[in-house]
Amino acid sequence: MKNRITELLGIRYPIVQGGMQWVGRAEMAAAVSNAGGLGTLGALTQPTPEDLAREIERCRAMTDKPFGVNVTMLPTVNPPPYERIFDVIVESGIRIVETAGNVPAAVFDRLRAAGIVIVHKCTSVRHALAAEKRGVHIVSIDGFECAGHPGEEDVPGLVLIPAAVSALNVPVIASGGIADGRGMAAALSLGAEGVNMGTRFVATREAPVHENVKQALVKARENETRLIMRTLRNSSRVLLNPVSEEVLELEHRPGGAAFEVLRPLVNGQRGRAALESGDTTNGVIWAGMVAGLIDDIPSCGELIERMVAQCRARLAAAAALAAA
């Protein structure tokens, strides 16, 4: 499969692993890259920029294929040392960076000057257009189905992907709601040139999370995620569990709930503990609606090869139907 995405990223297949916090570690990124996709390290998973530098080197010891680093810039109580994080990325010779959130233009300028390919995640066409004007090379467009932060406009991928493709000149990666070759074929048919997956890659053998978390994704149906923190305009899609239900109950009380009330429940370290301990009832776990399409836990290599074969088969079947 060759197109602008594979050429820009130097990969065999246009399949990108999302830079998920606590999951985007060297084991995960290297497995995806070795399988022909683009693995991604989560910069904010590491405690310090110096730890990120060590994780980059650890990943390089596991793969000689391209991999990227994700940096998400969202409002937080204690902002990470972003300037030093970007220092490490540039100094480490990283060639691909996935950004998300409110990224200053100066950051894009710095990355481009260093010869880095920028993949920017957006949840709306207007934000994608703004990113294109700032010089990003690729837009990853996140539909309403996605795990994590789907934005506040609630546009699903079937509409958002072709809308973004029509509006942009840079290539588009489809993100959210994709778990297999059928979704990949659909995204390519809508004009995207690649796909991004997060939740599906969590349910693989190499994902550095507890087996209980992977099994929870296998068991989950497409209606077993919840959108929390909507009342704070910081919508987050997570797996249905007692914690997400408690957050929603607090939000729906008269007058809503301030972030400080919700903070002990949605605390990132609590979520990390759930991923590592396997106690899926005691922390928020990011998951997209695509959990309903996950029914096994393959290796990353098996998943990607299966996806590509299924994608080709679906595209061929559609072409045959159109020609009939």
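Turning our attention to the pairing of strand E7 (residues 172–175). By the alternation rule, side chains of E7 split into Val172 and Ala174 and Ile173 and Ser175, which are all buried. Bridging between strand E6 (residues 138–142) and E7 involves four bridges; their strand directions are parallel. Considered in E7, the bridge of Ile141 is made with Ala174. In this region the chain leaves E6, passes through helix H7 (residues 157–167) and returns to the parallel neighbour E7; the handedness of that crossover is right-handed. Bridge count for E7 against strand E8 (residues 194–197) is three bridges, and the pairing is parallel. Looking across to E8, one finds that Ile173 is bridged to Gly194.

Our focus in this paragraph is helix H10 (residues 211–219). Along H10, the residues that are buried comprise Val213, Lys214, Ala216, Leu217 and Val218. As for H10, its buried residues are in contact with helix H9 (199–202), strand E10 (236–239) and helix H13 (268–277).

What follows covers a nonpolar patch on the surface. There is a patch of nonpolar side chains on the surface, built from Val77, Leu232 and Phe259 and spanning about 220 Å² of accessible area. Within the secondary structure layout, Val77 lies in the loop between strand E3 (67–73) and helix H4 (82–91). Using a relative accessible area of 49% as the deciding quantity, one classes Val77 as partly exposed.

Formed by 78 residues in total, the largest nonpolar core has its most connected members in Ile15, Val69, Val71, Ile89, Ile141 and Phe201. Once you skip the residues sitting within four places of it in the chain, Val69 turns out to touch Thr40, Leu41, Ala43, Leu52, Ile56, Ile89, Ile94, Ile96, Val97 and Glu98. Ranked by size, the runner-up nonpolar core spans 12 residues in total, among them Ile228, Val243, Val247 and Val266.

Attention shifts here to the pattern of salt bridges. In this structure the tally under the stated criterion is 26 salt bridges. Among the salt bridges present, the one from Asp64 reaches Lys65, with a minimum N-O distance of 3.2 Å. Glu245 serves as the salt-bridge partner of Arg226, at 3.7 Å between the closest nitrogen and oxygen. On the criterion of sequence distance, the pair formed by Arg226 in strand E9 (residues 225–228) and Glu245 in helix H11 (residues 242–251) is long-range, its members being 19 residues apart. Taking relative accessible area as the criterion, Arg226 reaches 25% and is therefore assigned partly exposed. Linked by salt bridges that have partners in common, Glu50, Arg84, Asp87, Glu91 and Arg110 make up one network.

Turning next to unusual backbone geometry. Even without a glycine there, the phi angle at Trp22 is positive, about 75 degrees. Among the secondary structure elements, Trp22 is positioned in the loop between strand E1 (15–17) and helix H2 (26–34). For Trp22, a relative accessible area of 10% puts it in the buried group.

What follows covers the sheet that holds E6. Sheet architecture is open: eight strands sit in the order E1-E8-E7-E6-E5-E4-E3-E2, paired in parallel fashion. Where the open sheet ends on each side, the last strands, each with one partner, are E1 and strand E2 (39–42). Each adjacent strand pair in this sheet contributes to an overall mean axis angle of 25 degrees, direction not counted. Here E1 pairs with E8 via three bridges, running parallel. Each bridged residue has a counterpart across the sheet, and for Ile15 the counterpart in E8 is Val195.

The next subject is helix H5 (residues 105–113). Every α-helical turn comprises 3.6 residues, leaving residues that sit three or four positions apart pointing alike. Among the residues of H5, Val107, Phe108 and Leu111 are the ones counted as buried. Burial along H5 is one-sided: seen end-on, the buried residues are contained in an arc of 100 degrees. Looking at H5, the residues exposed on the side facing more than 90 degrees away from the buried face are Ala106 and Ala113. Tucked into the core, H5 has its buried residues touching H4, strand E4 (96–101) and strand E5 (117–122). The first or second residue beyond H5 is Gly115, which carries a positive phi of 75 degrees.

Calculation criteria
Residues numbered from 1 in each chain as written. Predicted model: local features only at pLDDT ≥ 70, side-chain atom pairs only at ≥ 80, totals over all residues. Heavy atoms only, no water. Buried < 20%, exposed > 50% of the residue type's maximum accessible area, 1.4 Å probe, protein only. Helix = DSSP H or I, 4+ residues; strand = E, 2+ residues; numbered from the N terminus. Pairing = 2+ DSSP bridges. Right-handed = clockwise from strand over helix to strand, strands pointing away. Contact = heavy atoms within 4.5 Å. Patch = residues over 30% accessible without salt bridge, like charges linked within 9 Å, V, L, I, M, F, W, Y side chains within 5 Å. Areas by Shrake-Rupley, 256 points an atom, 1.4 Å probe, with all protein chains shown as cover. Salt bridge = Lys/Arg side-chain N within 4 Å of Asp/Glu carboxyl O. Core = buried A, V, L, I, M, F, W, Y, C linked by side-chain atoms within 4.5 Å. Axes fitted to C-alpha atoms, helices over the stretch in contact; angles between N-to-C directions. Arc of directions from axis to C-beta.

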